[in-house]
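Inside the fold
Spelled out, the chains give:
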Amino acid sequence: MTDAPQDPSAAPEELPKDLPEATSRRLAELEHGLFTSDLSVNEFLLIKEVGFHPLGLVMGSSIYHTGIQTRKWGQSQELTKLTEAMYNARELAMTRMEEEADQLGADGVVGVRLDVNYYEWGKDAAEFIAVGTAVKAESGVSHRNALGKPFTSDLSGQDFWTLMQTGYIPQGLVMGTCVYHIAHRGLGQTLGSAGQNVELPNFTQALYEAREMAMTRMQDEADRLEASGIVGVRLEEKSHQWGSHTIEFLSLGTAVTKTSDEVTLPVPTTIISLDN
Amino acid sequence: MTPDRPTGGSLPIDSPGEMRRAVEALAGPPGQGTKPMTSDLSIDEELLLHSIGWEPVELVTGASIFSVPMGVWNWGQGEITSASTAFAGAFAGAIARIHRETTRAGGHGVVGVHVETSVQRHHIDVTLLGTAVRPVGSHKGATTPFVSDLGARDFTVLHVSGWEPTGLAVGAGFVYAPRRSMGTAMQQKSQNVELTNFTEAMYSARESAMERMQASALALRGSGVVDVTVNEGPIEFARHAIGFTAWGTAVRLAGDQHRTIEPSTVVPLDDAQVAFDASTLG
């Protein structure tokens, strides 16, 4: 842990390539049969129900400093440097989590949570963290994704159970992000529309464009995994610490493929609960 | 309800007397004669417990405060060993006390344990509060009862599928994050870079905590830990110290094999409750 001077072009080489030694030690312990998991009892039992066994709580994190990019007051534009930062940091966290799962010989990771935490370490520094439970099929059949890696998914144990009953299997957690600066309206425009019912086309267009970019990037990731669809997509809009006109659009979902046409989901019983 | 409870609406109520009677009633072994049984379980939870032949016995607690030497938080390198030791010590103390109370009350285990921890500059506190339970009809307490933060509902579901909790597996790690030099910080100001000093410190705290939790699960002879609660981040009063705590219930198969639960699916036909929300009118 030394403070080596950081030259931007040399920075990637300085990043820890492998998992820390202590991580390998911990994972080696897990291989001897003990499992850890942040799944609730319900989720644990449902995952056992579809023939998977939890292997261990896997995590990846990166504390990342985002750079500075100047924005023009009256111009709507993507802030590529910030988009890159949000992408890189999340990728670092995800890849490290996948590496841990890989080392455990997992088929996949379920219940992945991707969080960004801001601490008091100074402005622009944030922790990106990915946490999930590595699982493996008890039958020994590999369920790894098209790239030969463990699948990742932010589906809960309940969703995972339901999905498996319908012949789908998760391929990977896919995401797209776009940090966008939305132009301020000029004084003339503001005065011109005062007292009127009008659409604000510049705002509408900016939000549209940013959302589209995030969604397209997410779909591209799913294409790379040869997925047939994305379920449970969430679209989040956050300003983080950039002020009101700079917004990150993040779309997240689980890419899935159909592996069999057999649907084993029992026909649901309809109920009316008598409690209030 | 004690038989000599004041009846009628005449005020003032003799509250010190009430309290004295409550304390006297709780002092002896519960569930016998007129002695009351206390528990923070809901009616549903209690019925669920009875459905698998268990019953609540008593509300039990354990608490422990461990001191942390002066000035360990601010400067140094690597793990803050005295803080990690204090956390482990406080937890062990609280567990030992809740064990003692449970055994005395005749319980075989504790479910629904609320775990409260607080890391302060000079001390680390751990408080546990839960309901002691036992199989119906057994009156002798177990010598090492299990302690679990799973609720009575989860305990029942686990029991039905052939698993049993063995105890609370805990681990904590506190680590210093080395400061960046002023020059480095200035240089990185406008760049996208990973702050490796913090990332490494975070990893190191996490790994020690998780390893300790696993060791404690193995010591409890569990084959897994479910519902792990993880708390992480810089310590409030020492920003360059990172804490990571993890705890969960260690479980193992009670019988030979896992029993599947084969859930059926339901669709509730109740309409969603639409609440009137005045704030939307603003």
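Our subject is the structure that appears above.
This text gives an overview of the structure that appears in the document. (Residues numbered from 1 in each chain as written. Chains lettered and ligands numbered in written order. Predicted model: local features only at pLDDT ≥ 70, side-chain atom pairs only at ≥ 80, totals over all residues.)

**Concerning the environment of Ile 95 of chain B**
All names here are of chain B. Positionally, Ile 95 belongs in helix H3 (residues 81-105). Sequence spacing of Ile 95 and Thr 127 is 32 residues, and the spatial spacing of their C-alpha atoms is 9.0 Å. Ile 95 has contacts with Gly 62, Val 147 and Leu 168, leaving out every residue within four places of it along the chain. (Helix = DSSP H or I, 4+ residues; strand = E, 2+ residues; numbered from the N terminus. Contact = placed C-beta atoms within 7 Å.)

**What about the interface of chain B and chain A?**
Taken together, the contact pairs 55 residues of chain B with 58 residues of chain A. Ranked by residues supplied to the side of chain B that touches chain A, first place goes to helix H6 (residues 196-219) of chain B with 17 residues. Of the residues contributing to the side of chain B that touches chain A, the split by class is 23 nonpolar, 22 polar and 10 charged. Where strand E10 (residues 269-271) of chain A lies against strand E9 (residues 266-268) of chain B, 3 bridges are found, and the strand directions are parallel. (Nonpolar A, V, L, I, M, F, W, Y, C, P; charged D, E, K, R; others polar. Pairing = 2+ DSSP bridges.)

**Describing the nonpolar core**
Grouped together as the largest cluster of nonpolar side chains are 133 residues, with contacts concentrated most on Ala 130 and Tyr 180 of chain A together with Ala 169 and Met 213 of chain B. Setting aside residues no more than four positions away along its own chain, Tyr 180 of chain A makes contact with Glu 78, Leu 79, Ala 206, Ala 210, Ile 247 and Phe 249 of chain A. (Core = buried A, V, L, I, M, F, W, Y, C linked by C-beta atoms within 7 Å. Buried ≥ 20, exposed ≤ 12 C-beta atoms within 10 Å, placed from the backbone.)

**Considerations on unusual backbone geometry**
Even without glycine at this site, Glu 226 of chain A takes up a positive phi of about 55°. Glu 226 of chain A gets classed as exposed once you count the C-beta atoms within 10 Å, which come to 12. Although it is not a glycine, Arg 221 of chain B adopts a positive phi angle of roughly 55°. One can find Arg 221 of chain B in the loop between H6 and strand E7 (224-235). Judged by C-beta crowding, with 10 C-beta atoms within 10 Å, Arg 221 of chain B ranks as exposed.

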